[in-house]
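Below, each chain spelled out in residue letters.
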Amino acid sequence: MSANEKQPLLVIEDLWVQVEDKTILKGIDLTVNYGEVHAIMGPNGSGKSTLANVLAGREGYEVTRGKVTYKGRDLLAMPPEERAREGIFLAFQYPVEIPGVNNIYFLKAAVNAVRKHRGLPELDAMDFLELVKEKMAQMKVREEMLYRAVNEGFSGGEKKRNEILQMALLEPTLAILDEIDSGLDIDALRDVADGVNALRGPDRSFIMVTHYQRLLHYIEPDHIHVLAYGEVIRSGDRTLAHELEERGYGWLLEEAGMDAQGAGAP
Amino acid sequence: MSTPRPLQAPTLALARAPRQTGFPWLDALRGRAWETFRRVGLPGPRLDEWKYADTHPLTQAELRLPSGEMPPAVNAQVGIDGIDGPRAVFLDGVFHPGLSRLDELPEGVRVRPLMEALAEDGETLARVYGLIADLDGADAGLRALDLALAEQGAVIEVAAGTAMEAPLSLVHLVSDEGLAPQWRHLVILGEGARLTLVEHYQGLGTHWHNAVTEIDLGARAELDHLRLYEAGEGGVHTHEAWVRVAEAGRYGSYAATAGARLARPYTTVSLEAPEARAGLYGVYGGSGRHQADHSTRTDHRAPRTQSVQLFKGVLDAGARGAYTGRVVVHPGAQKIEAEQRNANLLLSRAAEADARPQLEIYADDVKCAHGAAVGELDRDALFYLRARGIGEPEARAILTRAFVEDVLDAFPLPAAARWARERLAPGDNP
């Protein structure tokens, strides 16, 4: 059960990504070891969400150079469902509303797809209900949300709680949280952060993408990377967060030889 | 007036003049129907009403009328899982008492084979039979042929004030290659009567079900009419339901077509007195050479009448689905409400959907709305499901089922909704 200590969980090497002929990521390098929490920060339009989506396998992103190795395998060759079954979980910035699909039905289908892949028996309706209720209590998700259509009519906070509930049910190895803090009031933010922190452990890693330092008060990262115009312009430990809080991103851009429009970037 | 399509060999073999029944009123009616059929011929895309229904297969296939002899029981499932209750089963074109369950009908409910009822109650039934489905119009060919030749079907009567709780089923199964049974059903509900009627049409191989159901609903009577059609690429199902609704009566139609070379459930409802209502729902699906054409005509002839229509199609490569909904608001029919909605999900670029909501309004104080949409599966939703480990085929099936769910929600029998869901988007059900 213990993680492979010798091999990093995720290695991103010189990753270049294009969306509709526009280059968004320009040579990203990042290594995530088991048990680590990485925060990817940066101004709007820096490519943070692109990175999250590329790792999860969303279509519409063209990798023009570089490679991504996950558990020693070529991640980019895997379809999104295989990545999910192998333990990658993307908490969506904008969780998708799916009218006509019951949340509980969706959750059960997801859990059983992943269990099946891991060689575990599929859960029947009763066992699943027991599991989901336990996780809901932990995540402070109201039971009524189980019987509504997936994310339909959910408030911003309910959608994010539903994402964290899914994460708790699917027990990922690598969770990618894309702006999990956006649109949350302080109570919801605390609950979501508690949910994430409860899942931290030596065999599970996190990549948190966020625009604001606020989230880092609730979920303390081991490493912080600042992304601007598609490049990592600074990496550091959690003390970097305090510096950013005081000084903003401007000084880092200047040091990287970029102006606010990204000119000077290669 | 358009030129009738000349009858080609297979159709000619089928369309022999009606035999004499020995009842003068009936023979006269059948004779008139035969003349109409000879005059207008088979309908086809040359007619606006049949623009999206290709009757070509009817002229190509070797089709014959049933012999009238009782076939042996078949080794196929008869009826639909979960739909119990009384039923009349018609096997290879003939009423089959052994497979039917009609001996425990509640008091006030009568179900008789067509010719038996016409023989016993000709005088009364002659005032209705063959008169609700009129023979006017260039599109009358199939119902005229049906009236001329049909000798099988059911006459269903529910007495005033009687509510039958269990659904009553009419099951039509063709297991013999090339059969082309002609069905005629008559449903009469007295004042305040209530009934759930299931018509199920099934067939194996090349066959043609041609059916007409005439329905007369008394004041405050309510009929829920489920219509389930199931065939492969060799089957043609054409079925017209003609409905009259009296004051404050309600008619609900729930049609599901899955497969078939051509499935064309046509519904025409006349809301004849104030507060009469109709709800018309339909789902259709297919792939390959499947073709579905759900057409309706709703006449608002009185004030404060209401109609709601919701039709959805799920079409894969090669399939074609069409919805045509004509709503006519007659002079003086004020304060009516009419709503029509049609949406289609194309699972392939090689699928085709046609939507035609048509409104004719001759009154000035009315509420009418219509909408039509054609789209593909939502890519974001598909990715969301896959990002949770759900494989692409299952994710597509989940979203497809979700697409038709609001129509199936309207189906009064869960077993019928399940039947349709399994055929439109196979997979685990919620």
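Rules and cut-offs
Residues numbered from 1 in each chain as written. Chains lettered and ligands numbered in written order. Predicted model: local features only at pLDDT ≥ 70, side-chain atom pairs only at ≥ 80, totals over all residues. Heavy atoms only, no water. Helix = DSSP H or I, 4+ residues; strand = E, 2+ residues; numbered from the N terminus. Expected span 1.5 Å × (residues − 1). Buried < 20%, exposed > 50% of the residue type's maximum accessible area, 1.4 Å probe, protein only. Contact = heavy atoms within 4.5 Å. Buried area = accessible area lost by both parts, 1.4 Å probe. Salt bridge = Lys/Arg side-chain N within 4 Å of Asp/Glu carboxyl O. Polar contact = N/O pair within 3.5 Å; in protein donor to acceptor, adjacent residues only side chain to side chain. pLDDT = per-residue confidence, 0-100. Pairing = 2+ DSSP bridges. Axes fitted to C-alpha atoms, helices over the stretch in contact; angles between N-to-C directions.

Quick look at helix α2 (residues 24-40) of chain B
Residue and element names in this part refer to chain B.
And step 1. Compared with an ideal rise of 1.5 Å per residue, which puts 17 residues at 24 Å, α2 spans 24 Å between its outermost C-alpha atoms and is within 8% of the ideal.
And step 2. Inspection of α2 places L26, D27, L29, R30, A33, W34, T36, F37 and V40 among the buried residues, and these make up the whole buried set.
And step 3. Those residues of α2 hidden inside the fold are in contact with α4 (114-120) and α6 (141-149).
And step 4. Backbone geometry just after α2 places G41 at a positive phi near 70°.

Here's the deal with the interface of chain B and chain A
And step 1. Facing the 22 residues of chain B at the interface are 31 residues of chain A.
And step 2. For the pairing of chain B and chain A, the buried interface totals around 2,100 Å² over both sides, and the portion due to carbon and sulfur atoms is 64%.
And step 3. A per-residue breakdown of the area chain B buries against chain A is headed by F383, Y384 and R388 of chain B, which together make up 39% of the total.
And step 4. On inspection of chain B and its partner chain A, the count reaches four salt bridges.
And step 5. Taken together, chain B and chain A are joined by 12 residue pairs in polar contact (both at pLDDT 80 or more).
And step 6. If you list the elements that add at least two residues to the side of chain B that touches chain A, you get α7 (379-386) and α8 (392-410) of chain B.

Some points on the confidence of the model for chain B
And step 1. Confidence along chain B averages 92 in pLDDT terms, with 95% of residues attaining 70 or more.
And step 2. Confidence drops under pLDDT 50 across residues 1-7 of chain B; counting only partners more than four residues distant or on other chains, this segment forms 19 contacts.

Some remarks on unusual backbone geometry
And step 1. Located in the positive-phi region is Y229 of chain A, a residue other than glycine, with phi close to 50°.
And step 2. Within the element layout of this structure, Y229 of chain A appears in the loop between β11 (223-228) and β12 (231-236).
And step 3. When its relative accessible area of 21% is taken as the criterion, Y229 of chain A is described as partly exposed.
And step 4. The residue A248 of chain B is not glycine, and still its phi comes out positive at about 60°.
And step 5. Relative to the elements of secondary structure, A248 of chain B occurs in the loop between β10 (235-245) and β11 (250-259).

A look at the sheet that holds strand β6 (residues 88-91) of chain A
All names here are of chain A.
And step 1. Judged by pairing direction, the sheet is mixed, and its six strands sit side by side in the order β6-β9-β10-β3-β11-β12 without closing on themselves. Among the strands making up the open sheet, the edge pair consists of β6 and β12. Neighbour-to-neighbour, the strand axes of the sheet open up by a mean angle of 20°, direction not taken into account.
And step 2. Where β6 meets strand β9 (residues 174-178), four bridges bridge the pair, whose relative direction is parallel. Bridge pairing in β9 places A91 opposite L177.

Regarding the sheet that holds strand β14 (residues 291-300) of chain B
Residues and elements named next belong to chain B.
And step 1. Pairing in this open sheet of nine strands is mixed, and the strands run β3-β4-β6-β8-β10-β12-β14-β16-β18 from one edge to the other. Among the strands making up the open sheet, the edge pair consists of β3 (109-113) and β18 (352-361). Sheet twist, expressed as the average angle between the axes of neighbouring strands with direction ignored, equals 10°.
And step 2. Where β10 lies against strand β12 (residues 262-271), 10 bridges are found, and the strand directions are parallel. Paired with A241 across the two strands is T267, which belongs to β12.

Notes on the environment of I132 of chain B
All names here are of chain B.
And step 1. In this structure, I132 sits in the loop between α5 (122-125) and α6.
And step 2. Sequence separation between I132 and R244 is 112 residues; the distance between their C-alpha atoms is 7.4 Å.
And step 3. When near neighbours in sequence (up to four residues on either side) are disregarded, I132 contacts E214, I215, D216, W242, V243 and R244.

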